[in-house]
Every structure is written in C-alpha cells, then in structure tokens.
Amino acid sequence: MQKNILKFALFFFSLIAAFFSWLSLNNAVTVPDSSVWLVPMIWFSLFYIVYSLEFVLVPRKVWSILSIVLGMFLSFIFVHTFWHFVVVLFASIIMYMSYQQIKTDLGLNVKVCLPKTLRMGKTYFVLALAIVISSQYYFQAASMGLLKLPVFDASVILENKWAKEVLYKLNPALQKLEDKNLTVDQMILDNYRESQVGSGESDLIDLAQGSQVISPANMQKIEQLRDQKVLEAGREQLGKMANRKLTGSEKVSEVMTEIMNQKIQSLVVTDYANEKFPAVPIGMAFILFLTVLSLGAFIIRILAQISSLIFWILTSTNVVKIKMVPVEMEVIE
C-alpha cells in the first residue's frame, strides 16, 4: 500500500514540478520585471529532486517513462511549434538515457549509495533540461521579437576568471574596469596620458617648463586647459555611445553596461526590422544553453545530497525498505 502511495505521489509531484518549471521559464521571458532566473532555478531544482527519487524508488519502468514524456512535453504548452516538438522529443530520449544509467548503476551496486548512483545520470539529465530550456527561450523570444533582453552587467563578466583572460588579451586596457570606483574622467585622462607616452609631448612640456618664456604657473594653466579639452572630447564621445550626456563622475562599469545593452537592443531591432536570420535570439539561446550546463553541473551536486537526505528519511521511517539478497557477480582472478 505504501509503495503505491509513494509511486503515485512521486508521479503527481513530478508533473507538478515540471509544469511550474516551464511556467516560470515562460514568465522569465515574457513577463516584464519578473525575477529572471531565481524562480526557475528553484523549480528546476525541485524538478531534479522529484525525478531522481522517482527513477530510484519506482520499480516499474513504464511509470518513469510516462513521467519523463509528460513532464518534458508540458513545455509544449507554452511553445506551439513543430521544431520545439522535435527538440522536446530528442531531449526526452536523452532524459531516458539518464534514467537508464541510474537504474543500471543501482542494479550493479552491492550496497545502495544514492549520491554515487545519481551522479551516473546527472550529465544526460542536465543536458536534456538545457536543450528544452534553451529551445523554449529561443522560440518564445523569437516570436516576441526578443522584447525582453537579459540584463548584462560588465562587473559580472569581469569577475569570471576565464572571461578576464580572454578580454584582457584582446584589450589590456580593460583591466582598469576591475576598479569598480573608476570614473569616466579618470579613465579618459589615464587613456590620454598613456597614449602620449613616447609621442614627444612630455619632452615638449619639459622644454617649455625650463624656458624663460612660459612660467610654471602659465604652464600649469596650459596643462589644465589641455586636460579640460581632453575630458570634454572624451565625455562627448562616450556620451554619444551611451545616448546621454555625461558629467564625468559616472562609474565606468555602469556606463559600459548601458552601452552594451543599447548595442544589443539595436542589433535586435535591426535584425527583426529587416526580417533577417534571427542571429541574436539564437546567440542568446546558445549562451543560455551553456549557462544551464555549467550551472546545473555545479548545483546538481547539492541537489543529489538533498535527494539522498530525503531517501534516508524515507528509509528511516520504513516508507522505503532495503533488503539484502544473494547475488552472483563476476570477479577477475
């Protein structure tokens, strides 16, 4: 009796978790000012926990297969296209491969070790979710004209070790952006002074300072006037890129973030206005796919431990029982 209750409960909760996972993803794409990734992350975490327990605890394969198919195809509620159907079908097959790996490892273990067993199927599980998540995002974003773009933060990019190495090799000047308090005026003057190194201007200034014609006070005024002209030109140039007037006291990272978002938005508008190949949604979907893979590989380690804790509670309360059986196994002599 308890086994049947547990079986139907896991099946029911798996569909509930799947539905709200795809719904939260739909809201993240279509609803303005929604919490972009926090809510979907919570629901997809619950999605993994319920499905991993179902794969382990439900002995009949048909129930797990039915749960996989229905749970994955609930995404089809929000995207009604043939190609998304094909993607979901392909991802369901990959999810089934995850189920097979978990079941195979469970059958080979002499002693039940749930974290080890769940690790065997985590790659295919995360891959299947990443495929459907990026597919749903792409088709919904493409149909909307990508009206809601992810918000980019230059400081977030610069905090990534690998991104730093690539960006700094392309442009060593970007290392200055690590200083989050760096203002626009400071950056303009630093760049100007670095550009004048070896140009001969410093030699001219030293010569002028040593002459009898220009006094040190007048020379200081000339330098201040020069710096003012450089700042005004730099602010104007950067302000045109950010589409607003700059005073020079703004943080460089904030201005760069504005410029990045405006550039992406302009690309999107041009892309759809000319009815070209939707390169931007595809690019964003691909970035999302890689993000889910990398983030999922990290989070799933924690979720496997949570699933193991729930499994231990079920065995401790005798809802699930573990028995010892004699087995024959191959050994190398």
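Before reading further, recall that the structure is shown in the block above.
Keep in mind that what you see is a predicted model, and the values were worked out from it rather than measured.

Examining helix 2 (residues 38-57)
Turning to step 1, where the next piece is worked out: Given a rise of 1.5 Å per residue, 20 residues ought to cover 28 Å, and the 29 Å separating the end C-alpha atoms of helix 2 matches this to within 8%.
Turning to step 2, where the next piece is worked out: Taking burial as the measure, the 20 residues of helix 2 include 14 buried ones, the bulk of the element.

Section: the packing of aromatic side chains
Turning to step 1, where the next piece is worked out: Under the criterion given, the structure shown has 20 aromatic pairs.
Turning to step 2, where the next piece is worked out: Relative to Trp43, the ring of Phe20 lies with its centre 4.8 Å away and its plane at 15 degrees, an arrangement referred to as stacked. Linking Phe20 in helix 1 (residues 2-30) with Trp43 in helix 2, this pair joins segments that are 23 residues apart in sequence.
Turning to step 3, where the next piece is worked out: Classification of Phe20 as partly exposed rests on a relative accessible area of 30%.
Turning to step 4, where the next piece is worked out: For the ring pair Tyr48 and Phe125, a centre distance of 4.9 Å and an interplane angle of 85 degrees mean the geometry is edge-to-face. One end of the pair, Tyr48, is in helix 2; the other, Phe125, is in helix 5 (residues 114-144), and 77 residues separate them in sequence.
Turning to step 5, where the next piece is worked out: Judged by relative accessible area, Phe125 falls into the buried class, the value being 1%.
Turning to step 6, where the next piece is worked out: Through a chain of ring-to-ring contacts, the aromatic side chains of Trp22, Phe44, Phe47, Tyr48, Tyr51, Phe55, Tyr96, Tyr99 and Phe125 assemble into a single cluster.

Some words on the environment of Val39
Turning to step 1, where the next piece is worked out: Structurally, Val39 can be placed in helix 2.
Turning to step 2, where the next piece is worked out: In the structure, Val39 is positioned 11 residues away from Ala28 in sequence and 8.5 Å away in space, judged by C-alpha atoms.

Examining the pattern of salt bridges
Turning to step 1, where the next piece is worked out: Scanning the entire structure with this criterion turns up three salt bridges.
Turning to step 2, where the next piece is worked out: Between Asp105 and Lys116 there is a salt bridge, with the nearest N and O atoms lying 2.7 Å from each other. Of this pair, Asp105 sits in helix 4 (residues 82-108) while Lys116 sits in helix 5, and the two are 11 residues apart along the sequence.
Turning to step 3, where the next piece is worked out: Between Arg235 and Asp185 there is a salt bridge, with its nearest N and O atoms 2.7 Å apart. On the criterion of sequence distance, the pair formed by Arg235 in helix 10 (residues 216-242) and Asp185 in helix 8 (residues 184-195) is long-range, its members being 50 residues apart.

So, the packing of helix 2 against helix 4
Turning to step 1, where the next piece is worked out: It is at 9 Å that the axes of helix 2 and helix 4 come closest, and there the two elements cross at 50 degrees. Taken as axis vectors, helix 2 and helix 4 run oblique relative to one another. For the pair helix 2 and helix 4, the sense of crossing is right-handed. Only Met95, Tyr99, Ile102, Lys103 and Leu106 of helix 4 make contact with helix 2, whose side of the interface consists of Phe47, Phe55 and Val56.

Quick notes on the side chain of Ser307
Turning to step 1, where the next piece is worked out: Counting through the fold element by element, Ser307 comes out in helix 12 (residues 279-316).
Turning to step 2, where the next piece is worked out: On the basis of relative accessibility, which here comes to 0%, the residue Ser307 falls in the buried class.
Turning to step 3, where the next piece is worked out: Here the side chain of Ser307 touches Ser52 through a polar contact of 3.1 Å, side chain to side chain.
Turning to step 4, where the next piece is worked out: Apart from the residues within four sequence positions on either side, Ser307 is in contact with Tyr48, Ile49, Ser52, Leu53, Leu114 and Leu118.

About the criteria used
- Residues numbered from 1 in each chain as written.
- Predicted model: local features only at pLDDT ≥ 70, side-chain atom pairs only at ≥ 80, totals over all residues.
- Heavy atoms only, no water.
- Helix = DSSP H or I, 4+ residues; strand = E, 2+ residues; numbered from the N terminus.
- Expected span 1.5 Å × (residues − 1).
- Buried < 20%, exposed > 50% of the residue type's maximum accessible area, 1.4 Å probe, protein only.
- Phe/Tyr/Trp six-rings, centres within 6.5 Å; stacked < 30°, edge-to-face > 60°.
- Salt bridge = Lys/Arg side-chain N within 4 Å of Asp/Glu carboxyl O.
- Axes fitted to C-alpha atoms, helices over the stretch in contact; angles between N-to-C directions.
- Parallel < 35°, antiparallel > 145°, perpendicular 65-115°, else oblique.
- Left-handed = near helix turned anticlockwise from the far one by under 90°.
- Contact = heavy atoms within 4.5 Å.
- Polar contact = N/O pair within 3.5 Å; in protein donor to acceptor, adjacent residues only side chain to side chain.

Keep in mind these numbers describe shape, not what the thing actually does.
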